[in-house]
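Descriptive structure summary
Okay, here's what each chain looks like letter by letter:
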Amino acid sequence: REFLGNDYGEEDSRQAEYIKLGNVLHNVLASIRSTDDIDDALSRLEQDGVLFGEGELTRQHLTQLIRRRVESPRVAEWFKPGRWQLFNECTILTVDPESHRVVNRRPDRVMTDGRETIVVDFKFGHDRTDYHEQVKRYMELLSDMGHQNVRGYLWLVYRNEIIEV
């Protein structure tokens, strides 16, 4: 690394922080049922020593970031208290038709009100085709399980961009 100079070391450090922040945000979003749960989720991370007193992993920074993200109308509806029966990171078992092996699928957030079912996958990088395929597969599995009016979304959290699949 010393042959590459400081620029690469700094870039690696920024990338590592970006990934760590994404993992923490994913953890919080996957663990909360509604906006009412944000403070408790951050308290758990604070007690676990995940949050720090400076940088992007402070409670204050994460609180502001998450609250800004869940304010957009569609996302606010997903995290509205009492609105949905919720399945956060619940495993769906299926059989791979080629290998005949059992495969685990874990959508980040599945919500239903009995009339419609919504699956959301949180992503923290750029939009990729394989992300769309992943959500489509979740939608197919949920339809096969008898869920009605299944819709799927990718939520690019850093950019706060919602893409319907």
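Residues numbered from 1 in each chain as written. Predicted model: local features only at pLDDT ≥ 70, side-chain atom pairs only at ≥ 80, totals over all residues. Heavy atoms only, no water.

Examining helix α5 (residues 129-144)
Between its first and last C-alpha, α5 extends 23 Å over 16 residues, near the 22 Å set by a 1.5 Å rise per residue. When α5 is considered as a whole, its buried residues turn out to be Y131, H132, V135, Y138, M139, L141 and L142. In this fold, the buried residues of α5 make contact with β2 (92-95), β3 (102-105), β4 (109-112), β5 (117-123), β6 (150-156) and β7 (161-164). Following α5 by one or two positions, G146 has its phi on the positive side, about 100°. (Helix = DSSP H or I, 4+ residues; strand = E, 2+ residues; numbered from the N terminus. Expected span 1.5 Å × (residues − 1). Buried < 20%, exposed > 50% of the residue type's maximum accessible area, 1.4 Å probe, protein only. Contact = heavy atoms within 4.5 Å.)

Here's the deal with the packing of helix α2 (residues 38-47) against helix α3 (residues 59-69)
It is at 11 Å that the axes of α2 and α3 come closest, and there the two elements cross at 150°. In terms of their interaxial angle, α2 and α3 are classed as roughly antiparallel. The two elements α2 and α3 cross, and the hand of that crossing is right-handed. Across the interface between the two elements, I38, D39, L42, S43 and E46 from α2 touch R59, L62, T63, I66 and R67 from α3. When grouped by side-chain class, the residues that make up the contact of α2 with α3 number four nonpolar, two polar and four charged. (Axes fitted to C-alpha atoms, helices over the stretch in contact; angles between N-to-C directions. Parallel < 35°, antiparallel > 145°, perpendicular 65-115°, else oblique. Left-handed = near helix turned anticlockwise from the far one by under 90°. Nonpolar A, V, L, I, M, F, W, Y, C, P; charged D, E, K, R; others polar.)

Topic: the pattern of salt bridges
Enumeration over the complete set of coordinates arrives at 12 salt bridges. Between E116 and R83 there is a salt bridge, with its nearest N and O atoms 3.6 Å apart. Residue E116 is found in the loop between β4 and β5, and its partner R83 is found in the loop between α4 (73-78) and β1 (85-88); the two are separated by 33 residues along the sequence. E116 sits in the buried class, given a relative accessible area of 17%. The salt bridge involving R128 is made with D130; its shortest N-O contact spans 2.6 Å. Among the residues examined, R128 registers a relative accessible area of 43% and is labelled partly exposed. (Salt bridge = Lys/Arg side-chain N within 4 Å of Asp/Glu carboxyl O.)

Quick notes on the sheet that holds β6
Strands sit in the order β1-β4-β5-β6-β7 across an open sheet of five strands; the sheet is mixed. What marks the edges here is a single partner per strand, and that holds for β1 and β7. Direction aside, neighbouring strands of the sheet carry axes that sit 20° apart on average. (Pairing = 2+ DSSP bridges.)

Section: the nonpolar core
Residues L29, W78 and W155 are the most contacted members of the largest nonpolar core, which totals 31 residues. Within the residue set of this core, elements represented by two or more residues are α1 (6-31), α2, α3, α4, β5 and β6. The next biggest cluster of nonpolar side chains, apart from the first, holds 13 residues, and it includes V135, Y138, L141 and L154. (Core = buried A, V, L, I, M, F, W, Y, C linked by side-chain atoms within 4.5 Å.)

Structural notes on the packing of aromatic side chains
Within the structure shown, the criterion is met by six aromatic pairs. Between the aromatic rings of F79 and W155, the centroid separation amounts to 6.1 Å while the plane-to-plane angle is 55°, which identifies the pairing as tilted. Placement of the pair is F79 in the loop between α4 and β1 and W155 in strand β6, with a sequence separation of 76 residues. In this structure W155 comes out as buried when scored by relative accessible area, which is 0%. Ring-pair connections join several aromatic residues into one group, and the members of that group are W78, F79, F122, Y153 and W155. Its guanidinium or amino end placed over the ring of W84, R83 lies 3.9 Å from that ring's centre, counting from NZ or CZ. Across the ring face of Y131, the terminal group of K123 is positioned such that the distance to the ring centre comes to 4.4 Å. (Phe/Tyr/Trp six-rings, centres within 6.5 Å; stacked < 30°, edge-to-face > 60°. Lys NZ or Arg CZ within 6 Å of the ring centre and 35° of its normal.)

None of this, on its own, says anything about what the molecule does.
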